[in-house]
Every structure is written in C-alpha cells, then in structure tokens.
Amino acid sequence: MKNIIYLDNAATTKTRKEVVDAMLPFFTENYGNASSVYELGAESKKAVNDSKEMIAKAITADANEIYFTAGGSEADNWAIKGIAEAYKEKGRHIITSKIEHHAVLHTCEYLEKNGYEVTYLDVDEFGFIRPDQLKRAIRKDTILITIMFANNEIGTIQPIKEIGEIAKENHILFHTDAVQAFGQIPISVADYHIDMLSASAHKLNGPKGIGFLYIKNGIKIRSFIHGGAQERGRRAGTENVPGIVGFGKAVEIALDNMEERTAGEIALRDHLIKRMLKEIPYTRLNGDAKKRLPNNTNFCFQFIEGESLLIMLDMEGICGSSGSACTSGSLDPSHVLLAIGLPHEIAHGSLRLTLSEENTKEEMDLVVEKTAGIVSRLRSMSPLYEDFIKNMNDKNSEIIKDNNEEE
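What you see is a predicted model; the values in this text were computed from it and never measured.

Enquirer: How would you sum up the overall build of the protein chain? Please name residues and give values.
Expert: Scanning the protein chain from N- to C-terminus turns up 13 helices and 12 strands. Relative to its length of 407 residues, the protein chain is compact, with a C-alpha radius of gyration of 24 Å against a globular reference of 22 Å. Principal-axis analysis of the C-alpha atoms gives the protein chain an extent of 90 × 55 × 35 Å. Burial status across the protein chain gives 53% buried among its 407 residues. A separation of at least 24 residues holds for 74% of the contacts in the protein chain among residues at least 6 apart in sequence. Element-wise, carbon and sulfur atoms account for 51% of the exposed surface of the protein chain, whose accessible area totals about 18800 Å². Positive and negative side-chain charges in the protein chain, numbering 47 and 60 respectively, have mean positions lying 4 Å apart.

Dropping the structure here:
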C-alpha cells in the first residue's frame, strides 16, 4: 500500500497491535463459549467480565450496567426502541435533535410510523442545542430525551450535564450517543445524569463489530434480541469474546494516555484549522472553534464539490470524508450542515478531517498545501467562481472610480 495520511478517524480507527495481541488467544486457545460451565468457557467468561469492569470504570458506572452489542447503531436502536416499548403506557413522546447520527434519526422516524411523536430540536450556527428550547419541548407524555454527546461530523460537544439535569428534574430518561466522545473526553454518567449511553470499539482503536449500551440500574427496558439468556437475559446471542476482549484493551489504553494524546491532537487540530482558514480564501470552519472533539476539523470550501475534492485528495494519498461514513454514498448535502444554517451550495463543499495521535505537524502542513492546490484547481473550472470573481472585480472598480471622483 502506498504511503497515506489517514484523516478519517471519525469513520473508523486502526486497531492497535496491543488490542489484536490481546484478542488472538480467544480465537485459537481460549475459544470456549462464555456461557458454558466447563473451565474453557469460564476463561472466556472471566475475560468478558474483566472488559466490563474496564469499560464501567471509564464512565464511572457499575460493571453490571454494561451490555455488549454489535456496535453503536445497535446500542442506539436498543436504547430508543427499548424505552419506547417499555414506557408506552406512560407516554409516546421523544425529544432529540436535528443533527443526531442516522442510527438515532432513522429509529425515531420508525417510531413515528408506529404511533409515537418526536420533537427534533433546532441547533445554532455552531451545532449546539439550546437548553431553554429543550425545556419548552418537554410535555407530560415525554418519556425519553436522546441527544448525542458530541457530533460525528462537526465535532460540537453538547452541554450534556445541563441536558442531564433538565431530564432528571422532569423525571425523563436521558440517552446519549457517545460513539465519538467515548475515549476522547472524560465521561461520568453519574455526574452528567446519564441513564443510557452508546459507544463503539472501532472509534478508539478497537475492533469493528462490538459496542456497548450502558443502562443505569433500575431502568425498565425491553430486550432487543430474543433468544438465549446472555447479558442477563437482555441481549441474546453468543458473546463475541475476542471483540469484547479487544474493546476492553482499547479502553484501557485510551484511559492511560487520554490527557497526553488529546493534548497532542488539539495542537495538531488547531494548527490545521489556522492554516486552512488563513491560506485558502472563502473557507469556513464548521462547529465551535474550541468546544469540539480534540481530533475533529470540518471545513466548507465555497464554489467546489466536496466529492471531487475527496477523490483528488485520495489521489494524493490523503484520506478524509465529507461527513458521516454511514452516508458517504449519498449525493445529498450533510443534514448536520443544513441544520446549522448552511445553504446547499456551500454544504456540498465540505471536508471532514479527523486526526489521531499518529499524525504529525508535517502531515498537516502537507494536507493544507495539497488541499489549497486542489481547491484552486477546482475553482478554476467553476463558472460560479468565475462569476463571483468578476462581480468582485466590478465592485472594486466602482469603488476605485468613486474614490477618484471624490478626490
């Protein structure tokens, strides 16, 4: 494979060697079913429990509140559908935001077709929901608030503690999709009054196909998968022991180096943002400049198509995206960018670059250089840009003419 600069860590991350090494014995040596009673199965069961302990520690929860899933999308589906079914006699109203991941939005749309009502909160130009708007949206029949911890496209970190306090004061359950935030920023479910939390291993250098849902003790929720008695009867199916072990190891590493790792990512992030905005005209940063994920940058370049930019960056060995990996095949502009008020023609020119601790300042400089060249080339072929420059020149000529006449 050619040398690449990988800047799509919000889509997925490289599985660390230490994680793979921890997983390997559970494919070929300690391969017992964790639900079996013999010693080989007991070894697997212990490994599962050890990973639960590690993950619970990461969010200050109890190990018996962690339920493994096949990933973040399943965890989101389970939280929302499970609560909707369990509390339908109390109410059928759910509150979410317009910039959620599609695992949440499409689940809410499904529930709307089955007799539930959903309020989709607006966000401001930086992607923040307004707590006062959340308060006004609450009704007597509201059973669930589901707001993501941090946005997967523009990196905005929501005021989660304040949202949790509002939910608690109104005796409403609070779920957060923390797929992008988990392992990147400290999370305490107790301090933030979080009742349910979704996360996925492959976003923090763990394996694909494994996630978890935190469910606070005492919450009534329907089972999502029926079958065996795994996960204390709440989520049937033979445990993915290698994946679970890998998840636990990835979390252990993420906790050990979080402060140092994210400080380095923030430094690179801010360097990349500063150079992009300074050196490429008609460029916009999407999301808040500071209250964003340590590794997230998202730009819009006027007068170009993001898809063309991605293809040409790939030819230079640079991997980025135009938004969520789950919608990369769509020709529609990002729903997140539209929700923060960008017109279609600007939203189409988006580029998300998400870093890791392995990236370097030299790589960021090269990315800016290559992006600037590609944007300039694409704009040179754009009739919209040509018209814009012509109008600008005409206006400048008028200003100069007026000034000369005044003199």
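Moving on, there is more to tell.
Enquirer: Summarise the nonpolar core; cite the residues concerned and give the values.
Expert: Counting residues in hydrophobic clusters, the biggest one holds 60 residues, and the most contacted among them are Phe 182, Phe 212 and Phe 247. Residues contacting Phe 247, with those up to four places away along its chain left out, are Ile 55, Phe 68, Phe 182, Ser 200, Ala 201, Leu 204, Pro 207, Ile 210, Gly 211 and Phe 212.

Enquirer: If you had to explain the sheet that holds strand E5 (residues 142–146) to someone new, which residues and values would you point to?
Expert: Here 7 strands make up an open sheet; going across it, the order is E2-E8-E7-E6-E5-E3-E4 and the pairing mixed. Edge positions in the sheet fall to strand E2 (66–69) and strand E4 (117–121), since each has one partner strand and no second. Strand-to-strand twist across the sheet, computed as the mean angle between neighbouring axes with direction ignored, equals 20 degrees. Bridge count for E5 against strand E6 (residues 173–177) is 3 bridges, and the pairing is parallel. Along E6, the bridge assignment pairs Ile 145 with Phe 174. In the packing of helix H5 (residues 102–112) onto the sheet, contacts are made with strand E3 (93–97), E4, E5 and E6, and the angle to E4 comes to roughly 145 degrees.

Enquirer: Quick one: what's the story with the pattern of salt bridges, residue by residue and with numbers?
Expert: Counted according to the given criterion, the structure contains 20 salt bridges. Taking the shortest distance from any N to any O, the salt bridge between Glu 117 and Arg 139 comes out at 3.2 Å. One end of the pair, Glu 117, is in strand E4; the other, Arg 139, is in the loop between helix H6 (131–137) and E5, with 22 residues separating them in the sequence. In this structure Glu 117 comes out as partly exposed when scored by relative accessible area, which is 45%. Each member of the salt-bridge network shares a partner with another, and the members are Arg 275, Glu 279, Lys 361 and Asp 365.

Enquirer: Residues and numbers for the packing of aromatic side chains, please.
Expert: Evaluation of the coordinates by the stated rule reveals 10 aromatic pairs. Here Phe 149 and Tyr 192 contribute two aromatic rings whose centre-to-centre distance is 5.8 Å and whose plane-to-plane angle is 50 degrees, an arrangement assigned as tilted. Remark: Tyr 192 occurs in the loop between E6 and strand E7 (196–200) and Phe 149 occurs in the loop between E5 and helix H7 (160–169); sequence separation between them is 43 residues. When the ring of Phe 303 is compared with that of Phe 388, the centres are 4.8 Å apart and the planes differ by 40 degrees; the resulting orientation is tilted. Here the residue Phe 303 occupies a position in the loop between strand E10 (296–301) and helix H9 (306–315), and Phe 388 occupies one in helix H13 (residues 383–406), the gap between them amounting to 85 residues. Feature note: the residues Tyr 282, Phe 303, Tyr 385 and Phe 388 constitute an aromatic cluster, connected by ring pairs. In this structure, Arg 92 packs its charged tip against the face of Tyr 116, placed 4.8 Å from the ring centre.

Enquirer: Describe a nonpolar patch on the surface, naming the residues involved and giving the relevant values.
Expert: Nonpolar side chains collect at one region of the surface, where Val 20, Leu 24 and Phe 27 lie side by side and expose about 270 Å² of accessible area between them. The topology assignment puts Leu 24 in the loop between helix H1 (17–23) and helix H2 (25–28).

Enquirer: How would you explain the pairing of E4 if you had to name every residue and give the values?
Expert: Of the strand pairs in this sheet, E3 and E4 are connected by 5 bridges, and their pairing is parallel. What sits directly across from Ile 95, in E4, is Thr 119. Taken together, E3, H5 and E4 form a β-α-β motif whose crossover is right-handed.

Enquirer: Help me get a handle on the packing of helix H4 (residues 72–86) against H5, residues and values and all.
Expert: Packed helix pairs are specified by the crossing angle of their axes together with the interaxial distance, meaning the distance between the axes. The N-to-C vectors of H4 and H5 enclose an angle of 30 degrees; their axes lie 9 Å apart at closest approach. By the angle class used here, H4 and H5 are roughly parallel. Seen from above, H4 lies across H5 with right-handed handedness. Between H4, through Ser 73, Asp 76, Asn 77, Ile 80, Lys 81 and Ala 84, and H5, the contact on the second element is made entirely by Ala 103, Val 104, Thr 107, Tyr 110 and Leu 111.

Enquirer: Go over the side chain of Arg 235 with me, naming the residues and quoting the values.
Expert: You can see Arg 235 is positioned in the loop between strand E8 (211–215) and helix H8 (241–279). Overall, the relative accessible area of 13% leaves Arg 235 in the buried class. At 2.8 Å, the side chain of Arg 235 forms a polar contact with the side chain of Glu 74. Other than its neighbours up to four places away in sequence, Arg 235 contacts Phe 68, Thr 69, Ala 70, Glu 74, Trp 78, Ile 225 and Gln 230.

Enquirer: Please provide a residue-by-residue account of the environment of Thr 156, values included.
Expert: Considering the arrangement of structural elements, one finds Thr 156 in the loop between E5 and H7. Remark: the alpha-carbon pair of Thr 156 and Gly 287, spanning 131 residues in sequence, is separated by 5.6 Å. With sequence-adjacent residues up to four places away left out, Thr 156 is seen in contact with Phe 126, Gly 127, Phe 128, Phe 149, Ala 150, Asn 151, Gly 287, Asp 288, Lys 291 and Arg 292. Separated by 2.6 Å, the side chain of Thr 156 and the backbone oxygen of Phe 126 make a polar contact.

Enquirer: Pulling in residues and values, what's your account of the environment of Asn 286?
Expert: By the secondary structure assignment, Asn 286 is in the loop between strand E9 (283–285) and E10. Along the primary structure Asn 286 and Val 336 are separated by 50 residues, whereas in three dimensions their C-alpha atoms are 9.8 Å apart. In contact with Asn 286, not counting residues within four places along its chain, are Ile 154, Arg 292, Asn 298, Phe 299, Cys 300, Leu 337, Ile 340 and Leu 342. Side-chain polar atoms of Asn 286 contact the side chain of Arg 284, separated by 2.7 Å.

Criteria and thresholds
- Residues numbered from 1 in each chain as written.
- Predicted model: local features only at pLDDT ≥ 70, side-chain atom pairs only at ≥ 80, totals over all residues.
- Heavy atoms only, no water.
- Helix = DSSP H or I, 4+ residues; strand = E, 2+ residues; numbered from the N terminus.
- Rg over C-alpha atoms; globule rule 2.2 N^0.38 Å.
- Buried < 20%, exposed > 50% of the residue type's maximum accessible area, 1.4 Å probe, protein only.
- Contact = heavy atoms within 4.5 Å.
- Areas by Shrake-Rupley, 256 points an atom, 1.4 Å probe, with all protein chains shown as cover.
- Lys, Arg positive; Asp, Glu negative; His and termini not counted.
- Charge placed at Lys NZ, Arg CZ, Asp CG, Glu CD.
- Core = buried A, V, L, I, M, F, W, Y, C linked by side-chain atoms within 4.5 Å.
- Pairing = 2+ DSSP bridges.
- Axes fitted to C-alpha atoms, helices over the stretch in contact; angles between N-to-C directions.
- Salt bridge = Lys/Arg side-chain N within 4 Å of Asp/Glu carboxyl O.
- Phe/Tyr/Trp six-rings, centres within 6.5 Å; stacked < 30°, edge-to-face > 60°.
- Lys NZ or Arg CZ within 6 Å of the ring centre and 35° of its normal.
- Patch = residues over 30% accessible without salt bridge, like charges linked within 9 Å, V, L, I, M, F, W, Y side chains within 5 Å.
- Right-handed = clockwise from strand over helix to strand, strands pointing away.
- Parallel < 35°, antiparallel > 145°, perpendicular 65-115°, else oblique.
- Left-handed = near helix turned anticlockwise from the far one by under 90°.
- Polar contact = N/O pair within 3.5 Å; in protein donor to acceptor, adjacent residues only side chain to side chain.

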